[in-house]
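# Chains, contacts and geometry: an overview
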Amino acid sequence: MKTSNPVLSRLGQAAERERAAGYGPYGPAAQPGYGQPAYGDPYPTATGYPSAPPAVQPMTIDDVVVKTVTVLGITGASAVAAWTLIPDSLMGPAWIGAALTGLVLGLVISFMRMANPALVIAYAVIEGVFVGMVSKFFETLYDGIVLQAATATFGVFFIMGALYKARVIRATPKFVRGMIAVMAGLFAVMLINFVLAMFDINTGLRDGSPLAIGFSLVCIVVASLSFILNFNEIEEGVRMGLPARYSWTAAFGILVGLVWLYIEILRLLSYFQGDD
């Protein structure tokens, strides 16, 4: 089954291999009579008879919802724990360490497309530490900003979900290719800016200037639109009959988008706070 989404193309190939091997919901193992003995063959319960491999359950929307709620809960719990337990003197090292570790682990999951629950849960824990430290820093400076950013983040998420369901925004092949190119470009810019900031080089992208405000607005728009890609992947993944474990990959994609959107909204709100 074909798809215009390059990420799902790779996942779809994996699902096709599993079905061809007889492990998918549409493979030989799921067909009537699969594994039944021919005339003269030993009965299936006989010792040494190779039993038929179990059919793999296909992914459903409910699977994705449950896994998404799970990783969000883990991220939230990790953020609260980091906020409470990590002293202010270690806030900087914890912030940077979690950011770098999360970046590496996120790239591993993204490029290898590994539907590994342990990796996704580990990523959620690390992102929780990162979010907790960033939130604590901004809340110390601007009281109430964390609640505002969190409310805005989930508000945008549900709005994008409604727009996708109503087909106001469609994940066309051109849209998908454009979004992937734009996100790759923004990722490169942010990574370069992060490295330069470690050497006290100010590019003006994160200092509250008009350029910084414009950059954050662009990031917020792109992060919001990235949910359209997530919803499309989930919808096509269910249609293609991907194995249920790929719901962890879908939950990972949503978590990445939510954390990115939250951080950008948090930054943008901080630019408009008073100096008191």
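None of the values given here were measured: they were computed from a predicted structure.

### Section: the pattern of salt bridges
Overall, the coordinates contain 4 salt bridges when judged by the stated rule. With its nearest N and O atoms 2.9 Å apart, the salt bridge here joins D88 to K136. Residue D88 is located in the loop between helix 2 (61-85) and helix 3 (91-112), and its partner K136 is located in helix 4 (residues 117-141); the two are separated by 48 residues in the primary sequence. Judged by its relative accessible area of 54%, D88 is exposed. Between R167 and E235 there is a salt bridge, with the nearest N and O atoms lying 2.8 Å from each other. Of this pair, R167 sits in the loop between helix 5 (145-165) and helix 6 (173-198) while E235 sits in helix 7 (residues 210-240), and the two are 68 residues apart along the sequence. What makes E235 partly exposed here is its relative accessible area of 35%.

### Observations regarding helix 2
Helix length check: helix 2, at 25 residues, gives a terminal C-alpha distance of 36 Å against a target of 36 Å (1.5 Å per residue), a fit within 8%. When helix 2 is considered as a whole, its buried residues turn out to be D63, V64, K67, T68, V71, T75, S78, A79 and A82. On its buried face, helix 2 sits against helix 4, helix 7 and helix 8 (247-271).

### Observations concerning helix 7
Relative to the 45 Å expected for 31 residues at 1.5 Å per residue, helix 7 spans 45 Å between its end C-alpha atoms, a close match to the ideal helical length. Looking one or two places after helix 7, you find G241, whose phi comes out positive at around 75°.

### A short note on unusual backbone geometry
Residue R167 is not a glycine yet carries a positive backbone phi of 60°. Of note in the backbone geometry, D200 takes a positive phi value of approximately 60° without being a glycine. By secondary structure assignment, the location of D200 is in the loop between helix 6 and helix 7.

### Re the UniProt feature "transmembrane region" (unreviewed entry) in the chain
When the UniProt feature table is mapped onto this chain, "transmembrane region" (unreviewed entry) is found at residues 64-86, 92-111, 118-138, 144-164, 176-199, 211-231 and 243-263. Secondary structure within residues 144-164 divides into 95% helix and 0% strand; the distance between the first and last C-alpha atoms comes to 31 Å. Secondary structure content for residues 211-231 is 100% helix and 0% strand, while the C-alpha to C-alpha distance between its ends is 31 Å.

### Considering the side chain of S270
Secondary-structure assignment places S270 in helix 8. Judged by its relative accessible area of 10%, S270 is buried. Discounting residues that sit within four places of it in the chain, S270 has contacts with F138, Y142 and I145.

### Digging into the packing of helix 3 against helix 4
Where helix 3 meets helix 4, the closest approach of the two axes is 8 Å, and the angle between their N-to-C directions is 145°. Crossing hand, helix 3 versus helix 4: left-handed. Two secondary-structure elements touch here, helix 3 through M91, A94, W95, A98, A99, T101, G102, L105, G106 and I109 and helix 4 through L119, V120, A122, Y123, I126, E127, V129, F130, M133, V134, K136 and F137. Looking at side-chain class alone, the contact of helix 3 with helix 4 contains 17 nonpolar, 3 polar and 2 charged residues.

The rules behind the values
- Residues numbered from 1 in each chain as written.
- Predicted model: local features only at pLDDT ≥ 70, side-chain atom pairs only at ≥ 80, totals over all residues.
- Heavy atoms only, no water.
- Salt bridge = Lys/Arg side-chain N within 4 Å of Asp/Glu carboxyl O.
- Helix = DSSP H or I, 4+ residues; strand = E, 2+ residues; numbered from the N terminus.
- Buried < 20%, exposed > 50% of the residue type's maximum accessible area, 1.4 Å probe, protein only.
- Expected span 1.5 Å × (residues − 1).
- Contact = heavy atoms within 4.5 Å.
- UniProt positions renumbered as here; feature names shortened; annotations may be inferred.
- Axes fitted to C-alpha atoms, helices over the stretch in contact; angles between N-to-C directions.
- Left-handed = near helix turned anticlockwise from the far one by under 90°.
- Nonpolar A, V, L, I, M, F, W, Y, C, P; charged D, E, K, R; others polar.

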